[in-house]
Amino acid sequence: MQDEKLLEVSLEAVSSRVQELKEAIQAFLMKLEHEQMNWPSVLDNYALLSGQVNTLTKLLKNEKTPLFRNLVLLPVLVQQETDPDIQKASEGRIHAFDHEVVPDYLRTKYAPEIEESEQKVETMATNIPPDEAQRQKDTLNELVENLLTLISSAREDWEGEQSAASRSSSAVNPDLNNLVVAVTFGRGLKPAKVTKGRGSKSDKAQSGWMSDKSTNKAPSSVKTETKAAAGVHPYSMPNRPTSRTGP
């Protein structure tokens, strides 16, 4: 009973994975027929299909999945009448599980023409001498190595072109570099300091006025400190004779 339950669960999992793969293939074929797809989109669809095939393969190779090739599938009922369940399962391709359909869908061997073609290929492979087979293998390996070298060099050239294009784009737009420097180092965000050197007349006049003001304030502070040290109030006014002119 436990084996039957495991078999049922495994069949449901495999059936769901196969259904997902089938829907992905149908969607990809619809896009190819009715849409103008670019190469990256085609690669994305191929990657999706490849991932689903790998998932299905891992599920079949799982330890808990029973070996379906060791099981025997027998028809429970063969009839000429239309079967709605068969129509739903086959999406309308099969209307009745009759004597004409059973040999095609329950066969364990290839079709006669496919089996004959495979037998021809096996016969040709066995008739090749060992030296000739080794030479063909060496030639194929050499071709594969040359192809890998070409792909690697093309990839390096493409990466170099991409880096050169990125550098040229940054050179064409210098504001981008300024923005990066400002965000990273804070350059340009603070006002620049005034460097010492020759300035204009107004700068010299302002600096002279500031120096005169500072020199005039210095003696007053000294006098105040001196008077305060002598015991005289700094804000007391001495009695001086005043002269007044006027009518």
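Below: a short report on this structure.

What counts and how
- Residues numbered from 1 in each chain as written.
- Predicted model: local features only at pLDDT ≥ 70, side-chain atom pairs only at ≥ 80, totals over all residues.
- Heavy atoms only, no water.
- Phe/Tyr/Trp six-rings, centres within 6.5 Å; stacked < 30°, edge-to-face > 60°.
- Helix = DSSP H or I, 4+ residues; strand = E, 2+ residues; numbered from the N terminus.
- Core = buried A, V, L, I, M, F, W, Y, C linked by side-chain atoms within 4.5 Å.
- Buried < 20%, exposed > 50% of the residue type's maximum accessible area, 1.4 Å probe, protein only.
- Contact = heavy atoms within 4.5 Å.
- Expected span 1.5 Å × (residues − 1).
- Arc of directions from axis to C-beta.
- Salt bridge = Lys/Arg side-chain N within 4 Å of Asp/Glu carboxyl O.

### What to know about the packing of aromatic side chains
Right, on to step 1. All chains considered together, the criterion is met by one aromatic pair.
Right, on to step 2. Seen in terms of ring centroids, Phe-28 and Tyr-46 are 5.3 Å apart; in terms of plane orientation they differ by 70°. Their pairing is edge-to-face. One end of the pair, Phe-28, is in helix H1 (residues 2-34); the other, Tyr-46, is in helix H2 (residues 39-60), with 18 residues separating them in the sequence.

### Let's talk about the nonpolar core
Right, on to step 1. Core analysis: the biggest nonpolar cluster contains eight residues, these being Val-14, Leu-21, Ala-24, Phe-28, Val-42, Leu-49, Leu-56 and Leu-59.
Right, on to step 2. Among the elements of the structure, H1 and H2 are those that each provide at least two residues to this core.
Right, on to step 3. If sequence neighbours within four positions are ignored, Ala-24 has contacts with Leu-49 and Gln-52.

### Quick look at the environment of Leu-21
Right, on to step 1. Checked against the element boundaries, Leu-21 lands in helix H1.
Right, on to step 2. Between the alpha carbons of Leu-21 and Leu-49 there is a distance of 6.8 Å; along the sequence they are 28 residues apart.
Right, on to step 3. Excluding anything up to four places from it in sequence, Leu-21 contacts Leu-49, Gln-52, Val-53 and Leu-56.

### Focus on H2
Right, on to step 1. Taking 1.5 Å of rise per residue, 22 residues should cover 32 Å, and H2 covers 32 Å from first to last C-alpha, within 8% of that figure.
Right, on to step 2. For H2, the set of buried residues is Val-42, Asn-45, Leu-49, Gln-52, Leu-56 and Leu-59. What you see down the axis of H2 is that its buried residues fit within an arc of 120°, all on one side. Among the exposed residues of H2, those pointing more than 90 degrees away from its buried face are Trp-39, Asp-44 and Lys-58.

### Section: helix H5 (residues 112-127)
Right, on to step 1. Across its 16 residues, H5 extends 23 Å between first and last C-alpha, which sits within 8% of the 22 Å expected from 1.5 Å per residue.
Right, on to step 2. Across the 16 residues that make up H5, only a small minority, zero, are buried.

### Observations regarding the pattern of salt bridges
Right, on to step 1. A full pass over the atoms with the stated rule returns seven salt bridges.
Right, on to step 2. Where Lys-109 meets Glu-115, a salt bridge forms, and the shortest distance between an N and an O atom there is 3.7 Å.
Right, on to step 3. For Lys-109, a relative accessible area of 54% puts it in the exposed group.
Right, on to step 4. On the basis of relative accessible area, Glu-115 is assigned to the partly exposed category, the value being 34%.
Right, on to step 5. Salt-bridge contacts for Glu-159 lead to Arg-155; the nearest nitrogen and oxygen are separated by 3.4 Å. With a gap of four residues between them, Glu-159 and Arg-155 both fall in helix H6 (residues 130-172), about one helical turn apart.

Interpretation note: all reported values are geometric properties and have no functional meaning in isolation.
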